[in-house]
Amino acid sequence: DGGITQSPKYLFRKEGQNVTLSCEQNLNHDAMYWYRQDPGQGLRLIYYSQIVNDFQKGDIAEGYSVSREKKESFPLTVTSAQKNPTAFYLCASSIETGGSYEQYFGPGTRLTVT
Amino acid sequence: AQSVTQLGSHVSVSEGALVLLRCNYSSSVPPYLFWYVQYPNQGLQLLLKYTSAATLVKGINGFEAEFKKSETSFHLTKPSAHMSDAAEYFCAVSGYNFNKFYFGSGTKLNVKP
């Protein structure tokens, strides 16, 4: 089955620690994205990548870093510089269909930092 | 710049009643518009999308949405709500030939028995 895998589902960390969230897709999509979701705020774009070895900052990139060494993988690191890291993190990929782009989402990782 | 506004963060309907979730967009170019559904602690699932082929778009689970350029709206409707429709719904817009998406703040739909 093709899809997007995010692991783990729940992640707990102590304040001051860096943590890396995994995102893997076997859909052969070129573009991948990371969003942060907080209650009542919808989805906010952290980083996106349109091709391997290239990525761009989204609206809330401060305190986060990414890499895109393989087409299938787009890991997100939440650094200790992120002031409020507790949130639900969603990874997505997209493909062009019929002239428009369509996004597909992973199941998400809920990160709790205490 | 593109943006999406969803009116009403919470909507409550009775089972069997009409569902209407509102979405207005702001776009400087003809947009592509999407509705997604999210169940608790899950990712988003695409319900339907508008790509200029037809103004009335039918999606999964009996949902449909109508694109109205004059009103810059893309409201989501379903004639008869089912308990399983209880979820959060997001409207999103992407630009023409632009691989980036902008999401509304979401509307939580509650369905009462």
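Structural data are supplied above this passage.
Numbering of residues begins from 1 in every chain and follows the order in which that chain's sequence is written. The lettering of chains begins at A and the numbering of ligands begins at 1, in the order of writing. For this predicted model, a pLDDT threshold of at least 70 governs which residues receive local features, and a threshold of 80 or more governs which side-chain atom pairs are given and counted, while totals over whole chains, interfaces and linings are taken from all residues. Each side-chain value is worked out from all heavy atoms of the structure, with water and hydrogens disregarded.

A. Spotlight on the environment of L21 of chain A. Residue and element names in this part refer to chain A. Strands are runs of DSSP state E lasting at least 2 residues, helices are runs of H or I lasting at least 4, and numbering of each runs from the N terminus. Positionally, L21 belongs in strand β3 (residues 19-25). When a residue's accessible area, from a 1.4 Å probe over protein chains only, is under 20% of the maximum for its type it is buried; when over 50% it is exposed; and in between it is partly exposed. Residue class for L21 comes out buried when judged on its relative accessible area of 0%. Residues L21 and A87 lie 66 residues apart in sequence; the distance between their C-alpha atoms is 12 Å. Here, two residues are considered to be in contact whenever any of their heavy atoms come within 4.5 Å of each other. If we ignore the near neighbours within four places in the chain, the residues touching L21 are S7, L11, W34, P75, L76, V78, Y89 and T109.

B. Molecular detail of the nonpolar core. In plain words, nonpolar cores are sets of buried Ala, Val, Leu, Ile, Met, Phe, Trp, Tyr and Cys residues tied together by side-chain atoms within 4.5 Å. Of all hydrophobic cores here, the largest spans 26 residues; its most connected members are W35, L48, F74, L76 and Y89 of chain B. Mapped by element, the contributors of at least two residues to this core are β2 (10-14), β3 (19-26), β4 (32-38), β5 (44-50), β7 (64-68), β8 (73-78), β9 (87-94) and β11 (107-112) of chain B. Apart from residues lying up to four places away in sequence, F74 of chain B is in contact with C23, L33, F34, W35, L48, K49, Y50, V57, A65, E66 and F67 of chain B. L11, C23, A61 and L76 of chain A belong to the second-largest nonpolar core, a separate cluster that totals 20 residues.

C. Up close: the sheet that holds strand β7 (residues 64-66) of chain A. Residue and element names in this part refer to chain A. Any two strands with at least two DSSP bridges between them are considered paired. If you walk across this open sheet you meet the four strands as β1-β3-β8-β7, and the pairing is antiparallel. Of all strands in the sheet, those with a lone pairing partner are β1 (4-7) and β7, marking the two edges. For this sheet, the mean inter-axis angle between neighbouring strands, taken without regard to orientation, is 20 degrees. When β3 meets strand β8 (residues 76-78), the two strands line up antiparallel, connected through three bridges. The residue bridging T20 from the neighbouring strand is T77, located in β8. To get an axis, fit a line to the C-alpha atoms, keeping to the stretch in contact for a helix; angles then go from 0 to 180 degrees between the N-to-C directions.

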